[in-house]
Amino acid sequence: MTKDFIPPAGKPPPDAAIKAAANDPGVAASRAPSDREIKKLLADYFSRKYDETVRQHLAAEATTSFTRWIIAAIGAALFAAPFIKVIITAETDRQLIGQQEGQLFLLPGFLLLLIAATTPIWRQGWMMPLALSIAVAALDLYVFKVGHVGIIYALLVLAAGVLLWDVRSFVGAKRKPKSVMEFEAQIDIWTERQLRNLITQARKDLPIDEGRLAGDDVVLLKSFPKADRLNKSDVLARIGTDNVPRMSPVGLAAFDFGPDDVLVFEGAVDLNTTKAVYMRVHQFAYRHIAAVSWSSDVWPPKVSAAIPQRAASGGDAARGGHGGTGPKADRASVLRRDELQIRLSSQHLVTLVFRDGSLSERLANRPFERIEKMDRIKEVWGKLTAGRKQSTV
C-alpha cells in the first residue's frame, strides 16, 4: 500500500532518540557552530561564499602572523642596536647603553618585543598591535624630545586610524570559521538530525502502525529528492570536499524490516526551512517482492578525441550541445544516475536515487560519489533479498 502526504506547516518536536543524541557530550561538543548558525550559513555554503569567508580569515591570520614577526624583528633590532654599537665600535663607551642615546633605542625595542610576545592582544587581528606599535614610536619621540611635535601628533592620529580600520574587531569577538571540510561534517550531523525529525513527523502524520519506524533496526538512507516533485531551479547542491554531494532539499528513505513485511518511508526536507517537502510510505509483504534491481547509467558516452565530430546542429545546441565537442560536451559526459528499484508483484515500483547529475547544474560539471555509502545500501539490499527468499521457501 502506498500513500502520499503533503505535510502541514509546523516543526515537529524531536523524539526521544534525538533528545538523547542532543544530550550526548560527544554530539554536543561537535555541534559548534550552533544549529542556527549552520542554517544561516547553508546558503553561503552552496553558493561558495563560505569558502571565501574561510579564505579571508586565513589571509587575515597570515597578515597578523606576518605583522607580529615584523614588529618582533624591529623591536629586537632596536633593542640590540646600542649593544651592537658598543661591540663593533671600539671607541664607544659602554655607558652609552644607560645614556639617552642608548635609551632612545632600548625603550621602544623593549616595548615592541613586549607587544609581539603578548598573545591576547593579537587574537582580534593585527590592528590593535600595530596601533600600539605606532603609539610606542610617538611615545619615544615625546619622552626623548626627538623630532618635531607635529610628527608625534601625526603618529597618534595614524594609530587611531589603524584602530578604527575595523571597529567590529573591538565590538565583539570574531569566531574563527571552520574549514570547509569541518563545516561539511557539521552539515552532515545536522542533516541527519533533520531527517530523523522527518521520521518522527511521519510517525505522527501518516497512517503507520504504532511501533513502526521507531526501533533501532530502522535503516536510514540519504537519497536524492524526487525530481518530479521539485522545481529543478530550486535545488541547492554542491559537491563536497569528500566528493559527496550535499543538497537541499535532501531525500530520505527509511526501511523498517518486520517479520513478514517491509515498511519503506520516503521523504525530503528543505534544510533552509527544516520543513518536509513531501512524505510517502510503502508497506508490502516480502512475498510480494518480484525483484530488487540496481542500475548505473552514464550519458552520453564519451567519444574519443581522435574521431572528428560534426558541428552541433541547432537542435543539439538547444539541448546543450551534446552532439558536438568542447566544454559543454565534456561536462555532459559526466552525468550519471545510480538507483535502487524494488519491483512488487502488483507492478508497483519503489525507486530510490543515490546519484543524479542532471538534478542540479552544480552537479553536472564533474564526477562525484553517491550521496549514501554503498555499505548501507548493501545492508538494505541484503535484508530485502533475504526476506524475499525466506518467504518463497
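Here the structure is shown first, and the text comes after it.
Residues numbered from 1 in each chain as written. Predicted model: local features only at pLDDT ≥ 70, side-chain atom pairs only at ≥ 80, totals over all residues. Heavy atoms only, no water.

## Observations regarding the side chain of aspartate 338
Looking at where aspartate 338 falls in the secondary structure, it is placed in strand β9 (residues 336-344). A residue is classified by how much of its surface remains accessible, and aspartate 338, at 0% relative accessible area, is buried. Polar contacts involving the side chain of aspartate 338 include one to the side chain of serine 296, which spans 2.9 Å. A polar side-chain atom of aspartate 338 sits 2.7 Å from a polar atom in the side chain of arginine 355. The residues touching aspartate 338, leaving out its near neighbours within four places in the chain, are Trp294, Ser295, Ser296, Asp297, Leu352, Val353, Phe354, Arg355 and Arg370. (Helix = DSSP H or I, 4+ residues; strand = E, 2+ residues; numbered from the N terminus. Buried < 20%, exposed > 50% of the residue type's maximum accessible area, 1.4 Å probe, protein only. Polar contact = N/O pair within 3.5 Å; in protein donor to acceptor, adjacent residues only side chain to side chain. Contact = heavy atoms within 4.5 Å.)

## Description of unusual backbone geometry
Note the cis peptide between serine 248 and proline 249, where omega equals 0°. With respect to the helices, strands and loops of the structure, proline 249 is situated in the loop between β4 (245-248) and β5 (250-257). One non-glycine residue, leucine 213, adopts positive backbone phi at about 60°. Tracing the backbone through its elements, the reader meets leucine 213 in the loop between α9 (180-205) and β2 (219-223).

## So, the sheet that holds β9
By way of backbone hydrogen bonds, the strands of a sheet pair with one another, either parallel or antiparallel. Reading across the sheet, the three strands line up as β8-β9-β10 and stay open at both edges, with antiparallel pairing between neighbours. Across the chains shown, the open sheet's two edge strands, defined by having one partner strand only, are β8 (289-298) and β10 (349-356). Each neighbouring strand pair of the sheet contributes to a mean axis angle of 10°, computed without reference to strand direction. As paired elements, β8 and β9 share nine bridges and run antiparallel to each other. Directly across from serine 296, in β9, lies its bridge partner aspartate 338. (Pairing = 2+ DSSP bridges. Axes fitted to C-alpha atoms, helices over the stretch in contact; angles between N-to-C directions.)

## So, helix α3 (residues 35-46)
An α-helical turn contains 3.6 residues, so a residue and the one three or four places further along point in the same direction. Between the first and last C-alpha of α3 there are 17 Å, a value that for 12 residues agrees with the 16 Å anticipated at 1.5 Å per step. Among all positions of α3, only Ile38, Leu42, Tyr45 and Phe46 are buried. Taken around the axis of α3, the buried residues stretch over an arc of 80°, which confines them to a single face. Those residues of α3 that are exposed and aimed more than 90 degrees away from the buried face are Arg36 and Lys40. After α3 finishes, the residue arginine 48 shows a positive phi value of roughly 70°. (Expected span 1.5 Å × (residues − 1). Arc of directions from axis to C-beta.)

## A few points about the packing of helix α6 (residues 127-143) against helix α7 (residues 149-163)
Across the interface, α6 lies against α7 with an axial gap of 8 Å and an inter-helix angle of 170°. With respect to each other, α6 and α7 are oriented roughly antiparallel. Taking contact as the criterion, the partners of Met127, Met128, Leu130, Ala131, Ile134, Ala135, Ala137, Ala138, Leu141 and Tyr142 in α6 are, on α7, Ile151, Ile152, Leu155, Leu156, Leu158, Ala159, Val162 and Leu163. The residue makeup of the contact of α6 with α7, split by class, is 18 nonpolar, no polar and no charged. (Parallel < 35°, antiparallel > 145°, perpendicular 65-115°, else oblique. Nonpolar A, V, L, I, M, F, W, Y, C, P; charged D, E, K, R; others polar.)

## Topic: the packing of aromatic side chains
Scanning the entire structure with this criterion turns up six aromatic pairs. Plain terms: the ring middles of tyrosine 45 and phenylalanine 46 are 5.4 Å apart, the flat faces sit at 65° to each other, and that makes the pair edge-to-face. Note on accessibility: tyrosine 45 and phenylalanine 46 belong to one class, buried. Ring centres 4.4 Å apart and planes at 20° place the aromatic pair tyrosine 50 and phenylalanine 183 in the stacked group. On the criterion of sequence distance, the pair formed by tyrosine 50 in helix α4 (residues 49-88) and phenylalanine 183 in helix α9 is long-range, its members being 133 residues apart. Each member of the pair, tyrosine 50 together with phenylalanine 183, is buried. Through pairs of rings, three or more aromatic residues link up here, namely Tyr45, Phe46, Tyr50 and Phe183. Over the ring of tyrosine 278 we find arginine 229, and its NZ or CZ is 5.0 Å from the ring centre. The side chain of arginine 238 reaches across the aromatic face of tyrosine 45, ending 4.4 Å from its centre. (Phe/Tyr/Trp six-rings, centres within 6.5 Å; stacked < 30°, edge-to-face > 60°. Lys NZ or Arg CZ within 6 Å of the ring centre and 35° of its normal.)

## Structural notes on the nonpolar core
Within the largest apolar cluster, 60 residues are counted, with the highest numbers of intra-cluster contacts made by Phe255, Phe265 and Leu384. Among the elements that take part in this core, α9 stands out by supplying eight residues, more than any other. If near-sequence neighbours (up to four positions away) are discounted, phenylalanine 265 is found in contact with Leu198, Ile199, Ala202, Leu206, Leu213, Leu252, Ala253, Ala254, Met279, Arg280 and Val281. In terms of nonpolar packing, the next biggest core, distinct from the first, is built from nine residues, Ile134, Ala138, Ile152 and Ala159 among them. (Core = buried A, V, L, I, M, F, W, Y, C linked by side-chain atoms within 4.5 Å.)

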